[in-house]
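# Reading the structure
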Amino acid sequence: MGNSLKAIAAFVPSNKCQKYLLEDLEEMPVDKMVDLSGRQLRRLPLHICSFRELVKLYLSDNNLNHLPPELEQLQNLQILALDFNNFKALPLVVCTLKQLCILYLGNNKLCSLPLELRLLQNLKTLWIESNCLQYLPEVVCELSLLKTLHAGSNALRTLPPQLQCLQELRTIWLSGNLLSEFPPVLLDMPFLEVIDVDRNSIRFFPSLAHLPGLKLVIYDHNPCRNAPKVAKGVRRVGRWSEETPEPRKRSGAVIDITLDEKPLLPPAAKTEPE
């Protein structure tokens, strides 16, 4: 019953309904965080935009497809979670929040990203997984401080050469895309620490032994004929990962590892900026 009332209240812009959705949140919390996840919101309560010192705003798992221009007032915002909504395009007002460090856009209906995204020059983590991207928008390559890029579960077939300009990038997750070859640009990014190309269509892996920063490569669930060669101490997760790069004849080609043995896998919970 409570969820049904919230769904109805989300359509009504009256002050009474807005307060009901906010559960009497009239003043900015001491921790400067507002979490409105899972409230069945169809519009952002405007009262939130008056919290000028807000640092973290979680709007995950709602029914949002637009944001009000008043959001621009939140110039201290560092974390914004818009994942699991109905956005077909990123609202341009998001690109005015220049202090953003972490932006969650996963599980929406995005086919592209606006050029205005380049204005977010403090962005360190970008989640765009589970959208409708057929290519990685080149504007992502202009986010010079980006350290972590989650772009899994899209329809990517390649990566732009400009990606190598992201010299702060350490982790890239590309699981569940349509890559038919290992992205060549990644071979020119010696600073990468984690590469995840799990669940693609890669048939052959080039050597990754020349990447001095590499710590973990995940390449499982590809129709590959070989395992990627890596430097000593680099962890591989995939077929023949505990053997030489060329497969040996033996039963059980896929190497299983326990959860305790999986380092640096994608975090299940949202992370804080460093």
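The structure under discussion appears in the preceding block.
Residues numbered from 1 in each chain as written. Predicted model: local features only at pLDDT ≥ 70, side-chain atom pairs only at ≥ 80, totals over all residues. Heavy atoms only, no water.

### Looking at the pattern of salt bridges
Inspection of every chain in the model, using the stated rule, returns three salt bridges. Where Glu 142 meets Arg 118, a salt bridge forms, and the shortest distance between an N and an O atom there is 2.8 Å. You can see Glu 142 sitting in the loop between β5 (125-127) and β6 (148-150) and its partner Arg 118 sitting in the loop between β4 (102-104) and β5, a full 24 residues away along the chain. Taking relative accessible area as the criterion, Arg 118 reaches 34% and is therefore assigned partly exposed. For Lys 215, the salt bridge goes to Glu 193, with nearest N and O atoms at 3.9 Å. Of the two residues, Lys 215 sits in the loop between β8 (194-196) and β9 (216-218) while Glu 193 sits in the loop between β7 (171-173) and β8, which places them 22 residues apart along the sequence. (Salt bridge = Lys/Arg side-chain N within 4 Å of Asp/Glu carboxyl O. Helix = DSSP H or I, 4+ residues; strand = E, 2+ residues; numbered from the N terminus. Buried < 20%, exposed > 50% of the residue type's maximum accessible area, 1.4 Å probe, protein only.)

### Quick notes on the environment of Asp 188
Tracing the sequence through the fold places Asp 188 in the loop between β7 and β8. Residue class for Asp 188 comes out partly exposed when judged on its relative accessible area of 46%.

### Some thoughts on the environment of Leu 103
Here Leu 103 shows up in strand β4. When the C-alpha atoms of Leu 103 and Leu 120 are compared, they prove to be 9.8 Å apart, with 17 residues separating the residues in sequence. Those residues within four positions of Leu 103 in sequence are excluded, and the remaining contacts are Leu 80, Val 94, Leu 117, Leu 120, Leu 123, Thr 125, Leu 126 and Trp 127. (Contact = heavy atoms within 4.5 Å.)

### Overview of the sheet that holds strand β10 (residues 235-237)
With respect to topology, ten strands assemble into an open sheet ordered β1-β2-β3-β4-β5-β6-β7-β8-β9-β10, the strand pairing being parallel. Strand pairing shows two members of the sheet lacking a second neighbour, β1 (33-35) and β10, which therefore form its edges. Here the strands of the sheet are splayed against their neighbours by 5° on average, with no regard to which way each runs. Two elements, β6 and β7, share three bridges in a ladder whose sense is parallel. Bridge pairing links His 150 to Trp 173 in β7. (Pairing = 2+ DSSP bridges. Axes fitted to C-alpha atoms, helices over the stretch in contact; angles between N-to-C directions.)

### Let's talk about unusual backbone geometry
Unusually for a residue other than glycine, Gln 40 sits at a positive phi of about 60°. Here Gln 40 is to be found in the loop between β1 and β2 (56-58). Positioned with a positive phi, Ser 153 is a non-glycine residue whose angle comes to about 55°. With respect to the helices, strands and loops of the structure, Ser 153 is situated in the loop between β6 and β7.

### Describing the packing of aromatic side chains
Following the criterion strictly, the structure yields three aromatic pairs and no others. Between Phe 205 and Tyr 219, the ring centres sit 5.4 Å apart and the planes meet at 65°, which makes this aromatic pair edge-to-face. Of this pair, Phe 205 sits in the loop between β8 and β9 while Tyr 219 is found in the loop between β9 and β10, placing the two residues 14 residues apart along the sequence. Across the pair, Tyr 219 and Phe 205 agree in class, each one buried. Members of the aromatic cluster, each reached through a chain of ring pairs, are Phe 182, Phe 205 and Tyr 219. (Phe/Tyr/Trp six-rings, centres within 6.5 Å; stacked < 30°, edge-to-face > 60°.)

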